Amino acid sequence: MTFQATAWRRFNRHRLDLEVSHTMASFVVDVASDVGYSSILLGIVVSLLLMLIMRKRTGSKRLNLPPGPINIPWPLNYLTGLVRLFKNPLEIIRELHNQYGDIVYICDGDYRYAFLASYELVKDLLIKRADVTSGREELWELKAVAKCKGGIIFSSGQEWVDHRRLGLASIRNFGKGKKSLQHCIDVEARILVDAIAESIGIPFNPEVVLSKAVSNIICSITFGHRFEYSDPKFTEMTHRIKSYASQDPGILTNLPAFFMNKRRRNLLEVKKFLVEEIQEHEKNFDPNDIRDAIDRYLLEVQRAQKSGEKTEFGMEKAWTLIFDLFLGGTETSSASLLWAFVFLVGNPEIQEKVCSEIDDVVGHSRTPEYEDRTSMPYTEATIMEALRFRPIAPSGVPHRCTADMEVRGYVIPKDTNIGANILYIHNDPKLWGDPEVFRPERFLSEDGKEIVKPEAYFPFGVGRRVCIGEQLSKMEIFLFLTNILQRFKVSFPPGAVPDYSIGHRFTTLAPKPYEIIFEER
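Rules and cut-offs
Residues numbered from 1 in each chain as written. Predicted model: local features only at pLDDT ≥ 70, side-chain atom pairs only at ≥ 80, totals over all residues. Heavy atoms only, no water. Helix = DSSP H or I, 4+ residues; strand = E, 2+ residues; numbered from the N terminus. Buried < 20%, exposed > 50% of the residue type's maximum accessible area, 1.4 Å probe, protein only. Contact = heavy atoms within 4.5 Å. Areas by Shrake-Rupley, 256 points an atom, 1.4 Å probe, with all protein chains shown as cover. Axes fitted to C-alpha atoms, helices over the stretch in contact; angles between N-to-C directions. Parallel < 35°, antiparallel > 145°, perpendicular 65-115°, else oblique. Left-handed = near helix turned anticlockwise from the far one by under 90°. Nonpolar A, V, L, I, M, F, W, Y, C, P; charged D, E, K, R; others polar. Pairing = 2+ DSSP bridges. Salt bridge = Lys/Arg side-chain N within 4 Å of Asp/Glu carboxyl O. Expected span 1.5 Å × (residues − 1). Polar contact = N/O pair within 3.5 Å; in protein donor to acceptor, adjacent residues only side chain to side chain. Phe/Tyr/Trp six-rings, centres within 6.5 Å; stacked < 30°, edge-to-face > 60°. Lys NZ or Arg CZ within 6 Å of the ring centre and 35° of its normal. pLDDT = per-residue confidence, 0-100.

K.L.:
Help me get a handle on the overall build of the protein, residues and values and all.
P.N.:
A tally of helices and strands in the protein yields 20 helices and 8 strands. The buried share of the protein, taken over its 521 residues, is 49%. When contacts within the protein are restricted to residue pairs at least 6 apart in sequence, those whose partners lie at least 24 apart make up 73%. Summing over all exposed atoms, the protein offers an accessible surface of approximately 25800 Å²; the carbon and sulfur share of this is 57%.

K.L.:
Tell me about the packing of helix α8 (residues 157–172) against helix α13 (residues 293–307), residues and numbers included.
P.N.:
It is at 9 Å that the axes of α8 and α13 come closest, and there the two elements cross at 140 degrees. Of the possible angle classes, the one that applies to α8 and α13 is oblique. Viewed along their axes, α8 and α13 form a crossing whose handedness is right-handed. For the pair formed by α8 and α13, the contact residues are H163, R165, L166, A169 and S170 on the first element and A293, R296, Y297 and E300 on the second. Here the contact of α8 with α13 is composed, by residue class, of 4 nonpolar, 2 polar and 3 charged.

K.L.:
Which residues make up the sheet that holds strand β6 (residues 417–420), and what values do they have?
P.N.:
Here we have 4 strands laid out as an open sheet, ordered β1-β2-β6-β3, and mixed in their pairing. The open sheet terminates on both sides in strands that have one partner only, identified here as β1 (103–108) and β3 (399–400). Note that strand β2 (residues 111–116) and β6 share 4 bridges and pair parallel. From the neighbouring strand, L116 faces β6, where its bridge partner is A420. Against the sheet, helix α4 (residues 89–100) engages β1 and β2, with an angle of about 125 degrees to β1. Packing of helix α5 (residues 119–128) onto the sheet brings it into contact with β1, β2, β3 and β6, and relative to β6 it is tilted by some 140 degrees.

K.L.:
Outline the pattern of salt bridges, listing residues and values.
P.N.:
Applying the stated criterion to the full structure yields 32 salt bridges. Two residues, R264 and E141, come together in a salt bridge whose shortest N-O distance is 2.8 Å. Pair noted here: R264 is in helix α12 (residues 262–283) and E141 is in helix α7 (residues 140–146), with a separation of 123 residues, a long-range link. Note on R264: relative accessible area 0%, which makes it buried. For K317, the salt bridge identified is with E312, shortest N-O distance 3.8 Å. The exposure class assigned to K317 is buried, which follows from its relative accessible area of 10%. Sharing partners across several salt bridges, the network here consists of E385, R388, D434, R439 and R442.

K.L.:
How would you sum up helix α11 (residues 232–246)? Please name residues and give values.
P.N.:
Over its 15 residues, α11 runs 21 Å from end to end, which matches the ideal 21 Å to within 8%, given 1.5 Å per residue. All of the buried residues along α11 are F234, M237, T238, R240, I241, K242, S243, Y244, A245 and S246. Each element contacted by the buried residues of α11 is listed here: α7, α10 (207–222), α12, α14 (315–329) and α15 (331–346). A side-chain oxygen of the first residue of α11 lies 2.9 Å from the backbone nitrogen of K233; this N-cap is D231.

K.L.:
Account for the pairing of β1, naming residues and giving values.
P.N.:
With 6 of 6 residues buried, β1 lies mostly within the body of the structure. Along β1, one buried face is formed by I103, Y105 and C107 and the opposite face, lined by V104, I106 and D108, is buried too. Sheet topology places β1 next to β2; 6 bridges connect them, and they run antiparallel. For V104, the partnering residue across the bridge sits in β2 and is F115.

K.L.:
For the packing of aromatic side chains, give the residues involved together with the corresponding values.
P.N.:
Aromatic ring pairs are reported here in terms of the distance separating the ring centres and the angle at which the planes meet. According to the stated counting rule, one finds 22 aromatic pairs in the structure shown. With centroids separated by 5.3 Å and ring planes inclined at 55 degrees, the aromatic side chains of Y119 and F458 adopt a geometry described as tilted. Pair noted here: Y119 is in helix α5 and F458 is in the loop between α19 (429–432) and α20 (470–487), with a separation of 339 residues, a long-range link. Given a relative accessible area of 5%, F458 falls into the buried group. Relative to F313, the ring of Y297 lies with its centre 5.2 Å away and its plane at 80 degrees, an arrangement referred to as edge-to-face. One end of the pair, Y297, is in helix α13; the other, F313, is in the loop between α13 and α14, and 16 residues separate them in sequence. In this structure, Y297 and F313 share a single accessibility class: buried. Through a chain of ring-to-ring contacts, three or more aromatic side chains come together here, namely F223, F227, F234, F273 and F326. Its end group placed over the ring of Y370, R373 keeps NZ or CZ at 3.9 Å from the ring centre. The ring of W432 carries R388 above its face, with NZ or CZ at 5.6 Å from the centroid.

K.L.:
Outline the confidence of the model for the protein, supporting the account with residue identities and numerical values.
P.N.:
Of the residues in the protein, 83% have a pLDDT of 70 or more, and the chain-wide mean is 85. Highest mean pLDDT in the protein belongs to helix α17 (residues 377–389) (98); lowest belongs to helix α1 (residues 2–35) (44). When the criterion is pLDDT under 50, residues 1–25 qualifies, and its contacts beyond four places in sequence or with other chains add up to 0 contacts. In this model residues 56–61 is a low-confidence stretch, pLDDT under 50, and it forms 7 contacts with partners more than four residues away in sequence or in other chains.

What follows is the structure in structure tokens.
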């Protein structure tokens, strides 16, 4: 009897549960019909947002993160990424700094960023604490699509140290015993001037010839030879590198590796071009005649193989080092020159002062030399002002902290990417007074005879990750600009006005395409 009673009670309880479940289901359906399914969907979305807000508040309180927008977890970050495709990311970061202050923390899916908008913070984190902030996140797209390994820009640890050392040696020791780097730039500058002379008096977009001139310097360093501007293979490569560097990848970098878009096709074609050059060098390699960066890399690989020592160098990584040299040394200098011409044409009185200084110091019987810059402070200040107004790498390439860090009472978690907002700092009215005005005098002493460099001026980055091509870029910009202005006066076509707005943005900055007229002086 006891067993039967227990079984009967369980049966009744189960039946009651089914009846309650059926009643509740009917109630939900009735409510949905009355309220409307769209309203319920809206309620679900609102509930999710409230959960995210609570997560943001509790997470920030628990970790004491720096201020910033609400954390967007995966996969919702892809939806916000789609929205950001239609807005300038630099403008988004600027607005966040205006709202949250000098340090902004962003959690976007699995990616964490801290953007710094004061030089005090930059100096503290990226210079004084460089031991913790000199890491670098690998780009998944480069690794998955192009099998990119090693290099300088996106590597860390000993691999980065070794490749950076070799890259610096390739630039600093270029042409020793043969021809100097300055000689190489001088020769290219004369070829550039002759190319411009073919369009005298005609509205002309200088972008292509400037890109080829700058690229040829990297070609000389890495390949041991330059290309003719008319070479179709060279034209294609410079175009693809520029297109890859200037494109804002956004969420597209997270697409599966098999998905091919224009950006990825450009990347693979550039890799193919570089690998072919490396293979050609392997055929003709002579360890007693090191001609360029590729030969230097081959020598390091062979030396390690013969000695049996462990090395971070490998032939599968060689193209990545060359790619980094092109990526960091082509787009930056050519874009800087494009900005310089926009500012000089838009400010003819400044152009006249630069030309007068060239005439006084160099004259017309010889071409400018890099050593002349010490006697040409106004020209040097004009170049510095162009790099201040429009720094080519607006936030550099983000550093990555390798341990938790405390700053201003906040905690920046390990593996957070740290970006110095160079564009914001270079245009901060508190530092520069009238940052929207192109005024080279801000970099000159009161008597105009010496250069004054403010601490908050750092267009090539800071810390251990500072651009290895800084000196090369400065030499290129000075020599190309002075060689051109020694011979030509530059102006806009009738009716054209200067446009200082940004054309492409994100990784690098460049002006919108424009035409100018070169005339013999």
